[in-house]
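Chain residues, written in single-letter form:
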Amino acid sequence: MNILVYIALRLQSYYLIYPTETIISLEANTKGRKADLPSPPKTVSLPINFWDMDHFSTFIAQVQQSLQAKTFVKLSLGNYKGSENELKNLYVKAVLIKRELKLSFTYRYKTRDITKNYSIAEGIAAVESQLDASGFRAATLFTTEENLSAQLSNKGDWFTKREKPTQLKAESHSHDKEKSRKLQATGKTYLQALRLTDAEGNVFKNAQDKWKQINHYIELLSSMLKELPSERPLQVVDMGAGKGYLTFALYDYLRHELNKEASVIGVEYRDDLVTLCNQIAADSSFTKLSFVQGTIEDYQPVGAIDVLIALHACDTATDDAIFKGIQHGAELIVVAPCCHKQIRREMEASKKQNELDFLLQHGIFLERQAEMVTDGLRALILEYHGYQTKVFQFVSDAHTPKNVLVVGVKKTITPQRQQEIREKIRTSKSFFGIGYHHLERLTGLEG
Ligand SMILES: C[S@@+](CC[C@H](N)C(=O)[O-])C[C@H]1O[C@@H](n2cnc3c(N)ncnc32)[C@H](O)[C@@H]1O
C-alpha cells in the first residue's frame, strides 16, 4: 500500500465492488470534489510536495483499503489549526443508510457536535482536504488490523506510525442507535425551540443526556401506550410539565408514531413556562397540545383522564397528581417522584424504636428509607384502587438520583386483597412511626 496505490486512486476512474454489492465510483474523488461537498469547515490547502506525499498518500490509501476490506473501525482527526471557531476534532465512522454505506462525519466543537453524512468517495475526499497545515494536523485510522496514525510536522512533512490495533472487531455499520430511538431528532421544530437540536436536527453536545433520557422515557412507556384504547380520542395530562421536554415528546410519539387520536395537556404552576410551551406548540402546529397555568391540586379536567403523568413533581405534588389520576379513572398512571419530605418529617418526628432504628440515625439512610417507604406506600395505595403497580429505575443514577418510576395500570381488585392492603398500610405506618401518608389521606384511606 504505497504511492502507486495513491496514484492509481487519483488518476484513474475505476470501480470497487463493495462487499455489500454496492458499486462505489471513485470518479467523484477526482472531479471538483471540494465544491461538491456539503460545506465541511473550510481549510486552505497548501500545495503538497509530491515527495512528501508518500506518508500522506499511504494514509489516505489505507483508509480506502480498510473500507474496502471491511477492517475499518473509525477515523479521528485532531490538532486542528484552521479558522473554524471552536472546532476541536473530526470523527468519522461508517454507517449504513438506506442500505448504502456512507461515511458519517462528526465535527466536534467546544460546545456542540455537527454530523454530516457523505458517500464514500466524497468522504475520503473530505478527509483528504481536512488534513492540512491549516486544518487537522493529526489523524488516526483505527482498523481491526492496526492503528495507523499520521502527523504533520512543523516543516510540513507527514509522518505515519503503525501500532497494534486497539479494536479487533469492526463496528456494526447500521445507523441504528439513532434509528432504534423511538423519536428521530430531525425536522422537529419543538426540539430546536427547546434548544436540544440545531436547525438540521443535530442534537447539541450538552443536550445528549436529555435527549437520551427523553427517548428512554418514551421507550419505557411505549408498550403501555400501545395498549391504550384506540377506538376513542385519548386525553393525557402531564402534571408539573415544567419546560415540556417530555410533554412534547410524548405528544409527538403518540400522534405521529403511534397515530393515536390523543390530546395532551401540560399543567404547570409557572406562568412563563406555560406561555413558552404554548408558543412552541403553536409554532409546531401541535394543535392538540396545550399547557395550562395552575396547581395540580386545583386542576379540573374537562372529561376523563386516560393517562396521568407526573415527572419530578415535588414532594406531595406527586400524591396530588396520582389522586387526580385515580379520581378520574385514568387507565395509566406514571409518576417519577421527586423529594419525599412529608414522610421523612413523620419518621424524624416519631423517632421510632425498632430493629431498624440504627439505620435511621444517619441522614442519608433516613432519606433513602423515607423515599422507599413513601413510594412503596404509593404503590400499595394505587393497588388498593385497582391498579396493577410496578416500581423500577427509569434512568441511570449517573443522570439523576430521582430515577424511580411508579407505574399503575388500571385493572380490578378483590375486596379481600383490599382488606390485606389496608392492614399492610396500617402496620407499615406503625413500624416506621408515620402518622399519615398524603395520598392515603387524599384517597380517604386514612384511619
Ligand atoms: C422538576 S420540574 C419537572 C418538569 C418536567 N416534568 C420534567 O420532568 O422535565 C417540576 C415542575 O413541576 C412544577 N410544579 C411543582 N409543583 C406543582 C404543583 N403543585 N402544581 C403545578 N405545578 C407544579 C414546577 O413549577 C416545575 O416546573
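All values derive from a computational prediction rather than experimental measurement. (Residues numbered from 1 in each chain as written. Predicted model: local features only at pLDDT ≥ 70, side-chain atom pairs only at ≥ 80, totals over all residues.)

Concerning the overall build of the protein chain
For the protein chain, the count of helices and strands is 14 helices and 16 strands. Looking at the protein chain residue by residue over its 447 residues, the buried ones come to 36%. (Helix = DSSP H or I, 4+ residues; strand = E, 2+ residues; numbered from the N terminus. Buried ≥ 20, exposed ≤ 12 C-beta atoms within 10 Å, placed from the backbone.)

Quick word on the environment of Val-404
Mapped onto the secondary structure, Val-404 falls in strand E16 (residues 404-410). Along the chain, Val-404 and Phe-392 lie 12 residues apart, while their C-alpha atoms are 5.5 Å from each other. The residues touching Val-404, leaving out its near neighbours within four places in the chain, are Ala-336, Pro-337, Asp-375, Val-391 and Gln-393. (Contact = placed C-beta atoms within 7 Å.)

Description of the site of the ligand
If you check the shell around the ligand, you find 17 residues, and the closest are Gly-240, Gly-242, Tyr-269, Leu-311 and Ala-317. Only helix H8 (245-257) and strand E11 (262-268) provide two or more residues apiece to the shell around the ligand. Across the shell around the ligand, the residue classes break down as 11 nonpolar, 4 polar and 2 charged. (Near = placed C-beta within 6 Å. Nonpolar A, V, L, I, M, F, W, Y, C, P; charged D, E, K, R; others polar.)

Quick word on the packing of helix H7 (residues 208-226) against H8
In the contact formed by H7 and H8, the axes pass within 10 Å of each other and the chain directions differ by 45 degrees. Comparing the axis directions of H7 and H8 gives the class oblique. Like other packed secondary-structure pairs, H7 and H8 cross with a definite hand, here right-handed. Between H7 and H8, the residues in contact are Lys-210, Ile-214, Tyr-217, Ile-218 and Leu-225 and Tyr-245, Leu-246, Ala-249, Leu-250, Tyr-253 and Leu-254, respectively. Here the contact of H7 with H8 is built from residues that sort into 10 nonpolar, no polar and 1 charged. (Axes fitted to C-alpha atoms, helices over the stretch in contact; angles between N-to-C directions. Parallel < 35°, antiparallel > 145°, perpendicular 65-115°, else oblique. Left-handed = near helix turned anticlockwise from the far one by under 90°.)

Thoughts on the sheet that holds strand E10 (residues 234-239)
Strand order in the open sheet formed by 7 strands is E12-E11-E10-E13-E14-E16-E15, with mixed pairing between adjacent strands. The outermost strands of the open sheet, each flanked by one partner alone, are strand E12 (289-293) and strand E15 (387-393). Going from strand to strand, the sheet's axes swing by 15 degrees on average, the running direction of each strand aside. Contacts between helix H9 (residues 271-283) and the sheet are confined to E11 and E12, with E12 contributing the most and set at about 165 degrees to the helix. (Pairing = 2+ DSSP bridges.)

Some thoughts on helix H4 (residues 120-130)
Of all the 11 residues making up H4, 10 are buried; the element is thus mostly covered by neighbouring parts of the structure. Within H4, burial applies to Ile-120, Ala-121, Glu-122, Gly-123, Ile-124, Ala-125, Ala-126, Val-127, Glu-128 and Gln-130.

Description of the nonpolar core
Counting residues in hydrophobic clusters, the biggest one holds 74 residues, and the most contacted among them are Met-239, Leu-250, Leu-308, Ala-321 and Ile-333. Sort the elements by how many residues they give to this core and H8 lands first, with 8 residues. Not counting residues up to four positions away in its chain, the partners in contact with Met-239 are Val-267, Ile-296, Leu-308, Ile-309, Ala-310, Ala-313, Ala-321 and Lys-324. Counting 35 residues, the second largest nonpolar core, distinct from the first, contains Leu-67, Leu-75, Leu-90 and Phe-142. (Core = buried A, V, L, I, M, F, W, Y, C linked by C-beta atoms within 7 Å.)

Thoughts on the packing of helix H12 (residues 363-384) against helix H13 (residues 415-432)
Closest axis-to-axis distance for the H12/H13 pair is 9 Å, and the angle between their directions is 160 degrees. What the angle tells us is that H12 and H13 run roughly antiparallel. The chirality of how H12 crosses H13 is left-handed. Two secondary-structure elements touch here, H12 through Val-373, Leu-377, Leu-380, Glu-383 and Tyr-384 and H13 through Gln-418, Ile-421, Lys-424, Ile-425, Ser-428 and Phe-432.

Quick word on the pairing of strand E3 (residues 72-80)
Strand direction decides the pairing type here: E3 and strand E7 (residues 136-143), joined by 7 bridges, are antiparallel. Bridging from a neighbouring strand, Leu-77 pairs with Ala-139 of E7.

Overview of helix H11 (residues 341-350)
Restricting attention to buried positions, one finds in H11 the residues Ile-343, Arg-344, Glu-346 and Met-347. Down the axis of H11, the buried set is contained in an arc of 160 degrees. They therefore lie on one face. Two residues or fewer after H11 comes Lys-351, characterised by a positive phi angle close to 45 degrees. (Arc of directions from axis to C-beta.)

What to know about the pairing of E11
When you tally the buried positions in E11, you get 7 out of 7 residues, the bulk of the element. Of the two faces of E11, both are covered, the one formed by Ala-262, Val-264, Gly-266 and Glu-268 as well as the one formed by Ser-263, Ile-265 and Val-267. With 6 bridges connecting them, E10 and E11 associate as parallel partners. By the bridge assignment for E11, Asp-238 is matched with Gly-266. Bridging between E11 and E12 involves 5 bridges; their strand directions are parallel. Each residue of the ladder has a partner; that of Val-267, found in E12, is Val-292. Between the parallel pair E11 and E12, the chain is carried across by H9, and the sense of this crossover is right-handed. (Right-handed = clockwise from strand over helix to strand, strands pointing away.)

Focus on the confidence of the model for the protein chain
Per-residue confidence for the protein chain averages 84 on the pLDDT scale, and 83% of its residues sit at or above 70. Below pLDDT 50 for its whole length, residues 1-51 participates in 74 contacts with residues either more than four positions away or in separate chains. (pLDDT = per-residue confidence, 0-100.)

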